[in-house]
Protein chains: 2
Amino acid sequence: MSEKKFPISPERLEEIIKKHPTPFHIYDEKMIRANIRRLFKAFSWAPSFREHYAVKAAPNPRLLQILREEGAGADCSSLPELLLADAAGMQGEKIMLTSNDTPADEFQKAIELGAVINLDDISHIDYLEKNAGFPSCLSFRYNPGSLIEGNDIIGKPEEAKYGLTREQLFEAYRIALSRGVKRFGLHTMVISNELHADSFINTARLMFNLAVELKNKLGIQLEFVNLGGGIGIPYRPEENEVNIEYVGQGIRQAYEAIIQPAGLDGMAIAMELGRAITGPYGYLVATVLHEKKTFKDYIGLDACMADLMRPAIYGAYHHISIMGKEAAPCDQTYDITGSLCENNDKFAIDRQLPKIDIGDRVILYDTGAHGHAMGFNYNGKLRSAELLLHEDGSIELIRRAETIDDYFATLRYEGSVL
Amino acid sequence: MSEKKFPISPERLEEIIKKHPTPFHIYDEKMIRANIRRLFKAFSWAPSFREHYAVKAAPNPRLLQILREEGAGADCSSLPELLLADAAGMQGEKIMLTSNDTPADEFQKAIELGAVINLDDISHIDYLEKNAGFPSCLSFRYNPGSLIEGNDIIGKPEEAKYGLTREQLFEAYRIALSRGVKRFGLHTMVISNELHADSFINTARLMFNLAVELKNKLGIQLEFVNLGGGIGIPYRPEENEVNIEYVGQGIRQAYEAIIQPAGLDGMAIAMELGRAITGPYGYLVATVLHEKKTFKDYIGLDACMADLMRPAIYGAYHHISIMGKEAAPCDQTYDITGSLCENNDKFAIDRQLPKIDIGDRVILYDTGAHGHAMGFNYNGKLRSAELLLHEDGSIELIRRAETIDDYFATLRYEGSVL
């Protein structure tokens, strides 16, 4: 069971809304800090543990600054994401570029920042060398193919566009060695939003064995193995979170059984968790504009799928509560909708909730990852603001809401200003 | 069969790319004009025919200006869309607001512009009157429920969030009459991207009978019936376009059989086609950055799902050709991917194409509707430019590509400029 509790009182929320109208996402700094500390503690046994936060999940430099203060780095997969990490004060090898189908300017920026570069394909060795030169520390992304099952979200590894095959991997390290690269890492990322803890331990075992094989066959002493991200969160109250301490201990056993006897002791473990770090500590706050009763009972919010795409695109569950009605019986059945002109713009279908009134504040949970980040401007919808709830209860605006001027900024027509 | 032919020669395209780097969408002005003229001709028998172009499909004022010149108005469903129509010079009742879960400012802007307002719910009568007042001409959106089957894209009408039930519809007109509204329209939109021509004729028949019933029961002389949009386009070469002349004649027969005998002659017919007008005449032009061979053969473009979401989100087919290789045998099997860090960022899976080389220009077809419009910034991806191909072959930039500055514009963090 995972508790779904919004960290702000109804009275305080109304004060916040006076200054920052709904809809907005709000992130709980205290809990994000506590959560990433818990991750580092679970891996405190490791000679060196690195968390490269998956910037894609919540691409806001202010959040990245908080994570940086806690010791995290960044997992970037585009040029703007590299710049976000840089803006957050992350430096050098705290930043890891794990991209695919990578353009030259992205490699160039990564080199300029001194980042670790993780190549997605054997052909990228030549492309990188030609367009940007090699980084001090080079890594390759392994695609284990049918050795790992994957899951519904990321699909089967052998059907994924990512990574090198086993055969290519050995060849790639050979080529890189021959070109003078001296420092190496190894990476994989095969599951997404997975709640089964043993998956991560199994992946670690597979990767550790590969690290040993690389040492034995090529004499490479890997500096790190990056196990990727993919730790899910319990979107539904009846789901349980992944026990990160259990994962940490399981990986420790694998490390002691495989890495230490092979003389690879000191090799760092890296992860690139995004969703598991910030996901549960973001909330989308919206206001009820309309109730509509036709063939079903609809509650219309001032937020829409542009603010949170997962329910509309994936049919994903996000928990919902009504401010001040937490104790009321859930004896009504509603579709909770946004105003976007798409029939799938529904945050929930046939959801059991307390009786809702117009003006009620609606809390959508677990929007701290892949929430605001995925928003679009379809149907002329403007993306919402992001707020940060500090430990002392004060509020910081960390992204203003989009404006009409933003929406028109790129347009060129008769009568346009540019 | 629908011919898939890019209207620009390889040599001319290279000249264009020198000034406007890929990726970009390019729209064919000549064909868009010819296409909307064909629509107006197919309905030239009607006492008055109105096309309110669905702005959502291609929200660019420059395109709207062209459509305005051809006599079209706009179908808007958000405040920014109202402003786009206004920016394009569309005026008064050329603009129709068909929104749902509508906020007050949207109604207020529609009133200010003198637009027709089409209400989605009976409860919106009070909300509109209180927040904005009534427009000169008021319409209601009818949801026929199980009377119409719908299709896979828009779903079954009785599960759609849109419109009023039959019972509510009559009640709504009664209320509006009692509040002094004198001019009325009627609207429905029950199918999306449909290629079966008779669907549209059947919808017209249903709506015409309803118009007669409204006259008989309430004495309302409807000024227009808006049959919505929903005419699909043949994304696949083996599909056939909807014969708009056949649809026009079928609706004419229904009009003569139902509307004229009832003394409603003069009632206008309105449609709100978007996809069918501009869809086939937009092209996404991209360049091949990488080829990757692992478990499959991947071609990586400089465009990604941020430029065209339909394949990734819906698994939708978009035709692809390789510039200069139109006559070459399609003897290779590729996945065509973008660089977004999502495994579903694939424009095509297992597509038969000619042998592709790095640097080749790739044309993705039928992006003139719901193409650029749906793009997001996930993973830090910047949305592409839009170009207009004039009849004389010259090129006009009608939307510049997004920049890093655009991407950072809303952010607030330590060290940010604002």
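Residues numbered from 1 in each chain as written. Chains lettered and ligands numbered in written order. Predicted model: local features only at pLDDT ≥ 70, side-chain atom pairs only at ≥ 80, totals over all residues. Heavy atoms only, no water.

Chemist: How do you make sense of the overall build of chain A when you look at a structure like this?
Modeler: When helices and strands are counted, chain A shows 12 helices and 17 strands. For 418 residues, the compact-globule estimate of 2.2 N^0.38 gives 22 Å, and the C-alpha radius of gyration of chain A, at 23 Å, lies within 12% of that figure. Every one of the 418 residues in chain A was classed for burial, and the buried ones make up 66%. Long-range pairs, those at least 24 residues apart, make up 68% of the contacts in chain A between residues at least 6 apart in sequence. Considering chain A, the positive charge centre built from 45 side chains and the negative charge centre built from 59 side chains are found 2 Å apart. (Helix = DSSP H or I, 4+ residues; strand = E, 2+ residues; numbered from the N terminus. Rg over C-alpha atoms; globule rule 2.2 N^0.38 Å. Buried < 20%, exposed > 50% of the residue type's maximum accessible area, 1.4 Å probe, protein only. Contact = heavy atoms within 4.5 Å. Lys, Arg positive; Asp, Glu negative; His and termini not counted. Charge placed at Lys NZ, Arg CZ, Asp CG, Glu CD.)

Chemist: Looking at this structure, how should I read the interface of chain A and chain B?
Modeler: Each side of the interface is counted separately: chain A has 85 residues, and chain B has 83 residues. Of the roughly 7300 Å² buried between chain A and chain B on both sides combined, carbon and sulfur atoms contribute 52%. Linking chain A with chain B are eight salt bridges, by the criterion used here. Note that Glu342 of chain A is salt-bridged to Lys56 of chain B, the shortest N-O span being 3.1 Å. (Buried area = accessible area lost by both parts, 1.4 Å probe. Salt bridge = Lys/Arg side-chain N within 4 Å of Asp/Glu carboxyl O.)

Chemist: Please clarify how the nonpolar core should be interpreted in this entry.
Modeler: Generally speaking, soluble globular proteins have nonpolar side chains that are buried together. Counting residues in hydrophobic clusters, the biggest one holds 96 residues, and the most contacted among them are Phe43, Phe140, Tyr173, Leu186, Phe208, Leu222 and Ile251 of chain B. Here this core takes 11 residues from helix 8 (residues 197-218) of chain B, the largest share from any one element. Residue assignment places this core across two domains, with domain 1 (29-278) and domain 2 (280-408) of chain B each supplying three or more. Formed by 95 residues, the second largest nonpolar core is a distinct cluster that contains Leu63, Ala204, Leu214 and Ile244 of chain A. (Core = buried A, V, L, I, M, F, W, Y, C linked by side-chain atoms within 4.5 Å. Domains from an automatic or database assignment.)

Chemist: Explain the relation of the copies chain A and chain B here, please?
Modeler: One copy of the chain maps onto the second through a rotation about an axis and a displacement along it. Note on the copies: chain A fits chain B at an RMSD of 0.0 Å, the axial shift is 0.0 Å, and the rotation between them is 180°. Overall, the copies show the geometry of a two-fold rotation axis. In terms of C-alpha distance to the rotation axis, chain A has Phe376 of chain A as its closest residue, with the C-alpha 2.2 Å off the axis. When the interface residues of chain A are mapped onto chain B, 98% of them again fall at the interface, so both copies present the same face. (Least-squares fit on C-alpha atoms with pLDDT ≥ 70 in both.)

Chemist: Explain the packing of helix 5 (residues 104-113) of chain A against helix 6 (residues 124-131) of chain A here, please?
Modeler: Helix packing for two helices is described by the angle between their axes and how far apart those axes are. All names here are of chain A. Packing of helix 5 against helix 6 brings their axes to within 9 Å, and their N-to-C directions diverge by 65°. Taken together, the axes of helix 5 and helix 6 are roughly perpendicular relative to one another. For helix 5 against helix 6, the interelement crossing comes out right-handed. When helix 5 is examined against helix 6, the residues Ala104, Phe107 and Gln108 are found in contact with a partner set consisting of His124, Tyr127, Leu128 and Asn131. Each residue belonging to the contact of helix 5 with helix 6 can be placed in one class, and the counts come to four nonpolar, three polar and no charged. (Axes fitted to C-alpha atoms, helices over the stretch in contact; angles between N-to-C directions. Parallel < 35°, antiparallel > 145°, perpendicular 65-115°, else oblique. Left-handed = near helix turned anticlockwise from the far one by under 90°. Nonpolar A, V, L, I, M, F, W, Y, C, P; charged D, E, K, R; others polar.)

Chemist: What is the right way to look at the domain arrangement of chain A in this model?
Modeler: Size of an interface: often given as the accessible area lost when the parts come together. Residues and elements named next belong to chain A. Annotation of chain A at the domain level lists domain 1 (29-278) and domain 2 (280-408). A C-alpha centroid distance of 32 Å is found between domain 1 and domain 2. The partner domain 2 presents 21 residues to the 25 residues of domain 1 that form the contact. Summed over both partners, the interface of domain 1 with domain 2 buries about 2000 Å², with 57% contributed by carbon and sulfur atoms.

Chemist: Explain unusual backbone geometry here, please?
Modeler: A negative phi angle is the norm for most residues apart from glycine, just as the trans form is the norm for most peptide bonds. All names here are of chain A. For the peptide bond that leads from Thr22 to Pro23, omega is 0°, which places it in the cis range. Mapped onto the elements, Pro23 comes out in the loop between helix 1 (10-19) and strand 1 (24-28). Even without glycine at this site, Asn379 takes up a positive phi of about 65°.

Chemist: In this structure, what is going on with the pattern of salt bridges? I would like to understand it.
Modeler: Pairs can form between side chains of opposite charge once their charged atoms are near each other. Evaluated as defined, the whole model comprises 64 salt bridges over all chains. Among the ionic contacts, a cluster of salt bridges with common partners joins Glu29, Arg33, Arg37, Glu69, Glu70 and Glu391 of chain A.

Chemist: Would you mind going over the confidence of the model for chain A with me for this structure?
Modeler: Atom-level detail of predicted coordinates should not be read off regions where pLDDT is low. Residues and elements named next belong to chain A. With 98% of its residues at a pLDDT of 70 or more, chain A has an overall mean of 96. Averaged pLDDT values for the elements of chain A fall to 96 in helix 11 (residues 310-314) and rise to 99 in strand 1. ipTM for the predicted complex: 0.96, alongside a pTM of 0.97. (pLDDT = per-residue confidence, 0-100.)

Chemist: Could you clarify how one ought to interpret the side chain of Thr287 of chain B in this entry?
Modeler: Mapped onto the fold, Thr287 of chain B is located in strand 10 (residues 282-293). Setting aside residues no more than four positions away along its own chain, Thr287 of chain B makes contact with Thr22, Gly300, Leu301, Asp302, Gly359, Asp360 and Arg361 of chain B.

Chemist: Would you mind going over the pairing of strand 16 (residues 385-389) of chain B with me for this structure?
Modeler: In the case of a regular strand, side chains alternate between the two sheet surfaces. Residues and elements named next belong to chain B. Burial of strand 16 is extensive: five of the five residues sit out of reach of the surface. Of the two faces of strand 16, both are covered, the one formed by Ala385, Leu387 and Leu389 as well as the one formed by Glu386 and Leu388. Both strand 16 and strand 17 (residues 395-399) contribute to a ladder of four bridges, which runs antiparallel. Its bridge partner being in strand 17, Leu387 is matched across the sheet by Leu397. Between strand 16 and the antiparallel strand that follows it, strand 17, lie five residues; Gly393 among them carries a positive phi value of about 90°. (Pairing = 2+ DSSP bridges.)

Chemist: Quick question: what am I supposed to make of the sheet that holds strand 2 (residues 49-54) of chain B here?
Modeler: Residue and element names in this part refer to chain B. What the eight strands build is a closed barrel, ordered 2-3-4-5-6-7-8-9; its pairing is parallel. Taken over all neighbouring pairs, the strand axes of this sheet differ in orientation by 25° on average, direction set aside. The sheet contact formed by strand 2 and strand 9 (residues 268-271) spans three bridges and is parallel. Within the sheet, the bridge partner assigned to Glu51 lies in strand 9 and is Met271. Relative to the sheet, helix 7 (residues 166-178) contacts strand 6 (137-142) and strand 7 (183-188), its axis offset from that of strand 6 by approximately 170°.

Chemist: Explanation requested: the environment of Ala401 of chain B in the structure shown.
Modeler: Residues and elements named next belong to chain B. With respect to the helices and strands, the residue Ala401 is situated in the loop between strand 17 and helix 12 (404-408). By relative accessible area, Ala401 is classed as partly exposed at 35%. Distance in space between the C-alpha atoms of Ala401 and Arg383 is 6.1 Å, their sequence separation being 18 residues. Apart from the residues lying within four places of it in its own chain, the contact partners of Ala401 are Arg383, Ser384, Ala385 and Asp406.

Chemist: Just to check I follow, could you spell out the sheet that holds strand 2 (residues 49-54) of chain A for this structure?
Modeler: Either a parallel or an antiparallel arrangement is found when strands of a sheet pair, and the pairing is made through backbone hydrogen bonds. Residue and element names in this part refer to chain A. Strand order in the closed barrel made by the eight strands is 2-3-4-5-6-7-8-9, with parallel pairing throughout. Going across the sheet, the axis of each strand differs from the next one's by a mean of 25°, ignoring polarity. Sheet topology places strand 8 (residues 224-226) next to strand 9 (residues 268-271); three bridges connect them, and they run parallel. Bridge assignment links Asn226 to a residue of strand 9, and that residue is Ala270. Across the sheet, helix 6 touches strand 5 (116-119) and strand 6 (137-142), and the angle it forms with strand 5 is around 145°.

Chemist: Any chance you could explain the environment of Asn240 of chain B here in plain terms?
Modeler: Note that Asn240 of chain B resides in the loop between strand 8 (224-226) and helix 9 (244-259). As a C-alpha pair, Asn240 of chain B and Met1 of chain B span 239 residues in sequence and 5.0 Å in three-dimensional space.

Chemist: How do you make sense of helix 7 of chain B when you look at a structure like this?
Modeler: Because an α-helix completes one turn every 3.6 residues, residues spaced three or four positions apart along the sequence face the same direction. With 13 residues, helix 7 of chain B ought to run about 18 Å at 1.5 Å a step, and its terminal C-alpha atoms sit 19 Å apart, in line with that. Residues of helix 7 of chain B that are buried: Gln168, Leu169, Phe170, Ala172, Tyr173, Ile175 and Ala176 of chain B. Those residues of helix 7 of chain B hidden inside the fold are in contact with strand 10 (282-293) of chain A together with helix 6 (124-131), strand 6, strand 7 and helix 8 of chain B. (Expected span 1.5 Å × (residues − 1).)

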